[in-house]
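Take a look at the letters that make up each chain.
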Amino acid sequence: MLNEAVKMYGFPTRKPGISGEEFHDHWRHPHATLSIRIPTITAYTQCHRIDTALLGTQQQRVDGIAEVWFANAADAAGMPNRPEYRDIVKPDEPNFTDTSTLLFAYVRDEVLSPGAPAGGSTDEADRAWTPDRGVTTKLMIVTEAGGNENWAAERDLALGRSIGALRHVRAWPANELYEASSPLVIGVHELWWPTVSDFERGIARNPAAFDELVDRPQKGFALLTQAEKVM
């Protein structure tokens, strides 16, 4: 079942001429600090790219992914006209991002696995883990328009668990926000691990399942991120 809340993804790439460190630090502050002043935002997470040998050049498609939640579609649609965004946040975007490549998408989440299963061989620490931790490791697999329309499959929950993901969410387009156009992103898989080491150990358990998930979009990209909960 899809959540009622709407999530907006932002897919930034860094402004030419600045370093990765400058980009990520500016995104954290002042940009995130300014963004949380927008009253219709109910939650905000920044997913900062972590380069990994387990992904190819596709991971360089963007430098991170912003996840911004709204209570409903009306609040999401109205955000660009909020004075806090229009007059304060938007003018800051060219200071650290390449605005010519900035991509946005509106989605609703379908939670396949909210956390580690209560039984089975999962250890006590994994059962106690929660995605509300301030910093987590998240794999984002994005299918763009023109990619595989069968980006979601019945076996997805089993695939995620076989590579040790403690949480697994699929994100579907919030279609009412695309009345005048088609979604540029048709689906996203989000899979969580507590740490990068946990991610690497999980993939080693079933590399074929990992390859199936990251190769499925056909048109899109996957990146490993450090997910930092801003609010």
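Residues numbered from 1 in each chain as written. Predicted model: local features only at pLDDT ≥ 70, side-chain atom pairs only at ≥ 80, totals over all residues. Heavy atoms only, no water.

1. Regarding the sheet that holds strand β7 (residues 185-193)
The antiparallel closed barrel is built from 8 strands, whose spatial order is β1-β3-β2-β8-β5-β7-β6-β4. Neighbour-to-neighbour, the strand axes of this sheet turn through a mean angle of 30°, independent of strand direction. Of the strand pairs in this sheet, strand β1 (residues 6-11) and strand β3 (residues 64-70) are connected by 5 bridges, and their pairing is antiparallel. Looking at the pairing, Val6 lines up with Phe70 of β3. In the packing of helix α1 (residues 20-35) onto the sheet, the strands contacted are β2 (41-50), β3 and β8 (220-229), and the crossing angle to β2 comes to about 175°. Along the sheet, helix α7 (residues 207-215) makes contact with β5 (135-144), β7 and β8, crossing β5 at roughly 50°. (Pairing = 2+ DSSP bridges. Helix = DSSP H or I, 4+ residues; strand = E, 2+ residues; numbered from the N terminus. Axes fitted to C-alpha atoms, helices over the stretch in contact; angles between N-to-C directions. Contact = heavy atoms within 4.5 Å.)

2. Details of the packing of aromatic side chains
Under the criterion given, the structure shown has 8 aromatic pairs. Arranged with centres 5.9 Å apart and planes meeting at 90°, the rings of Phe11 and Phe221 form a pair that is edge-to-face. Here Phe11 is found in strand β1, whereas its partner Phe221 is found in strand β8, with 210 residues between them in sequence. Looking at Phe11, the relative accessible area reads 1%, which means it is buried. When its relative accessible area of 1% is taken as the criterion, Phe221 is described as buried. Their ring planes at 75° and their centres at 6.1 Å tell us that Phe199 and Phe210 sit as a pair that is edge-to-face. A residue pair is termed long-range when its members are at least 10 positions apart, and Phe199 in helix α6 (residues 196-205) and Phe210 in helix α7 qualify at 11 residues. (Phe/Tyr/Trp six-rings, centres within 6.5 Å; stacked < 30°, edge-to-face > 60°. Buried < 20%, exposed > 50% of the residue type's maximum accessible area, 1.4 Å probe, protein only.)

3. Examining the pairing of β5
With 9 of 10 residues buried, β5 is to be regarded as a mostly interior element. Relative to β7, β5 is paired through 8 bridges, and the arrangement is antiparallel. When the sheet's bridge partners are listed, Leu139 is paired in β7 with Leu191.

4. Some details on the nonpolar core
Membership of the largest hydrophobic core comes to 37 residues, with the highest contact counts inside it found for Tyr9, Phe11 and Ile65. With sequence-adjacent residues up to four places away left out, Tyr9 is seen in contact with Ile65, Ala66, Glu67, Leu103, Phe104, Ala105, Val107, Met140, Ala171, Val188 and Glu190. Counting 16 residues, the second-largest nonpolar core is a separate cluster that includes Ile163, Leu191, Ile203 and Phe210. (Core = buried A, V, L, I, M, F, W, Y, C linked by side-chain atoms within 4.5 Å.)

5. Quick word on the environment of Ala174
When you line up the elements, Ala174 lands in the loop between β6 (167-173) and β7. A residue is classified by how much of its surface remains accessible, and Ala174, at 0% relative accessible area, is buried. Each C-alpha atom, one on Ala174 and one on Thr101, is 22 Å from the other, the two residues being 73 residues apart in sequence. Contacts of Ala174, omitting those with residues within four sequence positions, involve Val6, Tyr106, Val107 and Arg108.

6. Remarks on α7
Residues of α7 that are buried include every one of Ala209, Phe210, Leu213 and Val214, and no others. All buried residues of α7 fall inside an arc of 125° around its axis, so they share one side. Set apart from the buried face of α7 by more than 90 degrees, the exposed residues are Ala208 and Asp215. Where α7 is buried, its residues meet β5, α5 (156-162), β7, α6 and β8. (Arc of directions from axis to C-beta.)

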